[in-house]
Amino acid sequence: MTLAETFDGVRVRAPGKINLFLEVGALQPDGYHELATAFQAVSLYEDLVATPSDDFTIEVSGTVDVSGVPTDDRNLALRAARLLAAETGHPGGVHLDVRKEVPVAGGMGGGSADAAAALVACDALWGTGLSSRQLHALGARLGADVPFALQGGTAVGSGRGDRLSPALARGRFEWVIVPNPDGLSTPEVYAELDRQRAGGGAVIPAPAEVPVVDPDVLHALVAGDARRLAGALANDLQAPALRMRRDLAEVLDLGEREGALAGIVSGSGPTLAFLAESAEDARGLQQMFARRGHEALHVSAPAHGARVV
Ligand code: C5P
């Protein structure tokens, strides 16, 4: 019998993401902010293998520092598996083996990708046969970015970021990702934005009543026009992230001076994403960062959503 024949698990890959545009509205009574965002999935993947087990257990490894990832019940992938079991009445448990490529606490949705991967893997392993709509609804209960990790590609998000509509994007976009060894907490970055806005500083505009994605972002995506997209990138969480991490502004400047079309804080940071004109430019930019002592990864987008491989 070959190894493939004895393997009784399910392997799923789910992508990390960049927010090309993120407008944060007012804080809602449930503790979340109303927002308008454009997501793009990138070719950094979380690989998850689910195998049958009586309990719910997880092991985490990866090409990134995983020391900050909890392996107890706080782990979002484990919570996803437990939620699916509870909702479908599945009697057994699962062992999850996660190999991470997406920076931890970096603003690229790595934890959300793990949860999305766990939902898809356990659904296949247990034969629970949920529709994408049902998986999406479970994902939204786990975190605002989980539905996008299920869907992948390019999409516009509203509400908490979990109400998705697909966005047309032509061609590939080339990005250079500069991770940062010290993660940022998403709730703390949102709280810093609220503090800055309450302070009434001219730099931080008041929240839009109804946040909307700048049509220029969507036009640039449809046209596959990286230069135009570069001019339309925007993230309301960038100012608070830069305020919490003074070292980031310098790296953003460096990338933009040395050939990136534009640089942006990814989600709540501290990962930085630089858009390049071509794959060749991206490689040059990546090498420039490496020479200056910054880890940098060349990725392309859009990438597929969570799926069995
Ligand atoms: O849903 P998720 O667990 O990813 O969100 C983490 C935190 O980020 C929330 O608890 C909240 O503080 C903040 N958040 C927010 N508004 C959103 C999404 C996230 O305030 N739309």
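Residues numbered from 1 in each chain as written. Predicted model: local features only at pLDDT ≥ 70, side-chain atom pairs only at ≥ 80, totals over all residues. Heavy atoms only, no water.

Draft legend 1. Geometry of helix 4 (residues 132-142). Of all the residues in helix 4, the buried ones are L135, L138, G139, A140 and L142. Lining the buried residues of helix 4 we find helix 2 (76-88), helix 3 (110-126) and helix 5 (146-151). (Buried < 20%, exposed > 50% of the residue type's maximum accessible area, 1.4 Å probe, protein only. Helix = DSSP H or I, 4+ residues; strand = E, 2+ residues; numbered from the N terminus. Contact = heavy atoms within 4.5 Å.)

Draft legend 2. Highlighting the site of the ligand. Every residue near the ligand is listed here: G31, Y32, H33, L35, G143, A144, R160, T186, P187 and Y190. Taking Y32, its side chain carries an N or O atom lying 2.7 Å from an oxygen atom of the ligand. Contact between the ligand and H33: an oxygen atom at 2.7 Å from a side-chain N or O atom of the residue. Protein coverage of the free-state accessible area of the ligand, which is 450 Å², stands at 77%. Of all the secondary-structure elements, those providing two or more residues to the shell around the ligand are strand 2 (33-53) and helix 6 (186-198). (Near = heavy atom within 4 Å. Polar contact = N/O pair within 3.5 Å; in protein donor to acceptor, adjacent residues only side chain to side chain. Areas by Shrake-Rupley, 256 points an atom, 1.4 Å probe, with all protein chains shown as cover.)

Draft legend 3. Quick peek at unusual backbone geometry. Residue P270 is reached from G269 by a cis peptide bond, and omega for that bond is 5°. Mapped onto the fold, P270 is located in the loop between strand 9 (262-265) and strand 10 (272-276). For the peptide bond that leads from A301 to P302, omega is 0°, which places it in the cis range. Relative to the helices and strands, P302 is located in the loop between strand 11 (297-301) and strand 12 (307-308). The phi torsion at A105 lies on the positive side, around 50°, for a residue other than glycine. For A105, the position within the fold is in the loop between strand 4 (93-100) and helix 3.

Draft legend 4. Seen up close, the side chain of T37. Tracing the sequence through the fold places T37 in strand 2. Residue T37 is classed as buried on the basis of its relative accessible area of 1%. A polar contact of 2.8 Å, which involves the side chain of T37, links it to the side chain of N19. Here F21 takes part through its backbone oxygen, which lies 2.7 Å from a polar atom of the side chain of T37.

Draft legend 5. Expanded view of the domain arrangement of the chain. Here the chain is described as being made up of domain 1 (3-168) and domain 2 (173-301). Once you take the C-alpha centre of each, domain 1 and domain 2 turn out to be 23 Å apart. Facing 32 residues of domain 1, the contacting portion of domain 2 comprises 40 residues. A buried area of about 2,700 Å², summed over both sides, lies between domain 1 and domain 2, and 65% of it is on carbon and sulfur atoms. When contributions to the side of domain 1 that touches domain 2 are tallied by element, the ones reaching two or more residues are strand 1 (10-27), strand 2 and strand 5 (154-158). The residue inventory of the side of domain 1 that touches domain 2, partitioned by class, reads 20 nonpolar, 9 polar and 3 charged. (Domains from an automatic or database assignment. Buried area = accessible area lost by both parts, 1.4 Å probe. Nonpolar A, V, L, I, M, F, W, Y, C, P; charged D, E, K, R; others polar.)

Draft legend 6. View of the side chain of Q40. Relative to the helices and strands, Q40 is located in strand 2. By relative accessible area, which is 0% here, Q40 ends up buried. Here the side chain of Q40 touches T154 through a polar contact of 3.2 Å, side chain to side chain.

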